[in-house]
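If you want the building blocks of each chain, they are given just below.
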Amino acid sequence: MFKPKTKAQTTTLFAWALISPAAIYMLLIVVWPLVETFRLSFTNSNIGTLIEGYDYIGWANYEKALGGRKFPAIVNRTFYWMFLSVGLKMILGLIGATLLASNIRARGVIRALVMPPWIIPIAIGCFGWLWLYNGHFGLLSNFIEMVGITDGPFSFLAYKKSAFYSAVVTDVWIGTPMVTLFFLAAMQGVPRDLYEAAYVDGASRWYRFRRITMPQIMPTVITMALLSAIWTFNSFEIIWILTEGGPRGATTTLIIDTFKTAIFSYKFGAGATRAVLVVLILSVFSLIYLAVLGRVSKKFGYAGVVK
Amino acid sequence: MDKYSLPHKILIYFSIALFLTFMLLPFVEMFMASLRPLTHLFHRPTLELGETIGFADFISRFWSKDFSFQAYSDIWVTVPQLPRYIFNSVFLATAVTIFSLILVIPAAYAYARFNFRGKSVSLTLFLAVNMFSGAVLLIPLYKLLRMYGMLNTYWAMIIPGVAFLVPTGIWLLKSFMEKIPYELEEASFVDGASRLYTLRRVILPLAVPGLVVVGVAIFIGAYAQQFLFAITFNQDRDYMPLPAGIFEFIGYQDVLWNEMMAASLVGILPVLLIFMFMQKHLIAGLTHGAVKQ
């Protein structure tokens, strides 16, 4: 039996004992399936091979996926989707948080009214948007027809471009409240005397926002941006309910492509390959993000803020 | 501090109105759709060639004589399982929250308090789990759940649900626990208390505000994202959560939009009300934890 000799060893042992339930759970439910996905990605497993068993086919799935004509377009679309949506969520979140932090009437009620898109099941929110985007009977189509932008019904989800941007709007709608509330919480954590000192020195409101609020809430912004980017990259339900990746693939992001291949076409091997690619691409993206961040914070002296 | 000038005030309230319109528009539209009979819902005014919808036609979507709450009594007949769906949704989210907290609390405490070998590596690995959404791991998860006979049970939605919420939970709770002064624990040690006793009797009571925030965040995550696992791992109506149950509407020959919207609104109401009232505590709690990296 291993006996801890020093205090450091006892601590390590105790700490790991505390972490082990969560760690073991992760090994079982996330790591094992991940390894299994990796293994499957080298096979030709599909609905037809369920009975007679599948074969290992080396890199064939990867060659096929990466060599496919559609693949580069899907990757580009996924990143465009992510940057656009996360960017909008961050900007709207900052504006929203600033508004909700200002000294206004009925602040509690207004803050509560911002929450619903975050609280309700994503799918339910999408049902609402599905109706809003309806061409003949939806509010948006009727509205732009009334003010004269279009001269007839316009089905937002039927055309490639409008379907894509409609999905972005819905994704932003769902993601903004959480970002707003986290930013608001961070803004409220900024010490009041900083603002008072700056005010006494004659700093304008905009100056105070730029030089006090922003640097102080930067750690939250940076963390939320990364988390939000990963979630948006993997965002599935919104696109699936609104368009199922259509029309003609206009809203097919990597995650939709993975789901379609694996679950809808029953090509388990090829689907697993795409899943592995998603994980690889996201890991590289996160590493680059964190590396760039390290550089930037050194240069601009955020180092003390970004712990 | 300086007061807002009048134009400034107008700008603020105008922006808030705009922001809230965006946030609430789908709900307003869902409510309006639920009040209109199907014939009105699918009615387009007969227009001459080149003519477009007029103001009066547009307004009739917000108010006309045939509005009624008929859909709200019809839904219980069309979807007899609706109460069950509502219950399932809340039950699943609650179960996921409880199981997640059981895993999160000890781990967050360890990360907040101790320096040990493998600390930063294991924490990074936990956070990396965020990168795998459920959709990526569906196939092996399906196999795993089938192996243990958990398909088409509540477990099929609880087990994967917990896995993807634990990492964020650890990260959130850790920042709360770091704020609890270490002296309190030392005092407890000096009095001869064991480590586990200290965690249970000293740290946990002090961490209650943080626990509430983390619990709420996990609950919302579990409540909001139960759709994917529900449609892939469960075919049994008795265990379906609300979104999966209502999604079946879309499969009907003619979508009963008004009833679908009514069912959606009724279904989300209980949880919505609870959280809107908790808003103050939630923000206060988040501020207190001052989430950093």
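Note that the structure is a prediction, hence the values are computed from the model and not measured.

**Quick look at the overall build of chain B**
Logical step 1: Scanning chain B from N- to C-terminus turns up 14 helices and zero strands.
Logical step 2: The order of α-helices and β-strands along chain B, N terminus first, is α-α-α-α-α-α-α-α-α-α-α-α-α-α.
Logical step 3: A globule of 293 residues ought to have a C-alpha radius of gyration of about 19 Å, yet chain B, at 25 Å, is considerably larger.
Logical step 4: In terms of its C-alpha atoms, chain B occupies a principal-axis envelope of roughly 85 × 65 × 30 Å.
Logical step 5: Across the 293 residues that make up chain B, the buried fraction comes to 43%.
Logical step 6: When contacts within chain B are restricted to residue pairs at least 6 apart in sequence, long-range pairs at least 24 apart make up 83% of them.

**So, the nonpolar core**
Logical step 1: Among the nonpolar cores identified, the biggest contains 163 residues, and Val104, Ala107 and Ile170 of chain B are the most heavily contacted of them.
Logical step 2: When we break this core down by domain, the ones giving at least three residues each are domain 1 (6-73) and domain 2 (78-289) of chain B.
Logical step 3: With residues near it in sequence (within four places) discarded, alanine 107 of chain B still touches Leu18, Ile19 and Ala22 of chain A together with Ile170 of chain B.

**A few points about unusual backbone geometry**
One can expect most non-glycine residues to show negative phi and most peptide bonds to be in trans.
Residue and element names in this part refer to chain A.
Logical step 1: In this structure, glutamate 244 is a non-glycine residue whose phi angle is positive, near 55°.
Logical step 2: Looking at where glutamate 244 falls in the secondary structure, it is placed in the loop between helix H11 (237-242) and helix H12 (254-264).
Logical step 3: You will see that arginine 248, though not glycine, has its phi angle at about 50°, which is positive.
Logical step 4: Within the secondary structure, arginine 248 sits in the loop between H11 and H12.

**What about the domain arrangement of chain B?**
Residues and elements named next belong to chain B.
Logical step 1: Partitioning chain B into domains gives domain 1 (6-73) and domain 2 (78-289).
Logical step 2: Measuring from the centre of the C-alpha atoms in domain 1 to the corresponding centre in domain 2 gives 35 Å.
Logical step 3: Domain 1 puts 10 residues into the contact, and the matching count from domain 2 is nine residues.
Logical step 4: For the side of domain 1 that touches domain 2, the leading source of residues is helix H1 (residues 6-35), giving four residues.
Logical step 5: The residue inventory of the side of domain 1 that touches domain 2, partitioned by class, reads eight nonpolar, one polar and one charged.

**Here we look at the packing of helix H3 (residues 71-101) of chain A against helix H10 (residues 205-233) of chain A**
All names here are of chain A.
Logical step 1: Taken N-terminus to C-terminus, the directions of H3 and H10 make an angle of 140°; their axes are 9 Å apart at the nearest point. If you check the angle between H3 and H10, you find them oblique. Crossing geometry of H3 relative to H10 is assigned as right-handed. Contacts between H3 and H10 involve Thr78, Met82, Ser85, Val86, Lys89 and Met90 on the former and, on the latter, Val221, Ala225, Ser228, Ala229, Thr232 and Phe233.

**What to know about the environment of glycine 134 of chain B**
All names here are of chain B.
Logical step 1: Within the fold, glycine 134 resides in the loop between helix H6 (119-128) and helix H7 (138-147).
Logical step 2: Accessibility expressed as a C-beta count within 10 Å gives 20 for glycine 134, which makes it buried.
Logical step 3: Remark: the alpha-carbon pair of glycine 134 and phenylalanine 229, spanning 95 residues in sequence, is separated by 7.7 Å.
Logical step 4: Residues in contact with glycine 134, not counting those within four places in the same chain, are Pro160, Phe164, Leu228 and Phe229.

About the thresholds
Along each chain, the written sequence defines residue order, and numbers are assigned to residues from 1. Starting at A for chains and at 1 for ligands, labels are handed out in the order in which the entities are written. With the structure being a predicted model, the display of local features is reserved for residues of pLDDT at least 70 and the display and counting of side-chain atom pairs for 80 or more, all residues being used for whole-chain, interface and lining totals. To qualify as a helix, a DSSP run of H or I must reach at least 4 residues; to qualify as a strand, a run of E must reach at least 2; elements of each kind are numbered from the N terminus. With C-alpha atoms as the basis for the radius of gyration, the globule rule is written as 2.2 Å multiplied by the number of residues raised to the power 0.38. Around each residue's C-beta, the other C-beta atoms within 10 Å are counted; 20 or more make the residue buried, 12 or fewer make it exposed, and counts in between make it partly exposed. All C-beta atoms are placed from the backbone. What counts as a contact here is a pair of residues whose C-beta atoms, placed from the backbone, lie within 7 Å. Under the definition applied here, buried Ala, Val, Leu, Ile, Met, Phe, Trp, Tyr and Cys residues are grouped into a nonpolar core through C-beta atoms within 7 Å. Delimitation of the domains relies on an automatic or database domain assignment. Each residue gets one label: Ala, Val, Leu, Ile, Met, Phe, Trp, Tyr, Cys and Pro are nonpolar, Asp, Glu, Lys and Arg are charged, and the others, such as Gly, are polar. For helices, the fitted axis covers only the stretch in contact; all axes are lines through C-alpha atoms, and the angles between them, taken along N-to-C directions, range from 0 to 180 degrees. The cut-offs work like this: below 35 degrees is roughly parallel, past 145 is roughly antiparallel, 65 to 115 is roughly perpendicular, and the gaps in between are oblique. By definition, turning the near helix anticlockwise from the far helix through less than a right angle yields a left-handed crossing, and turning it clockwise yields a right-handed one.

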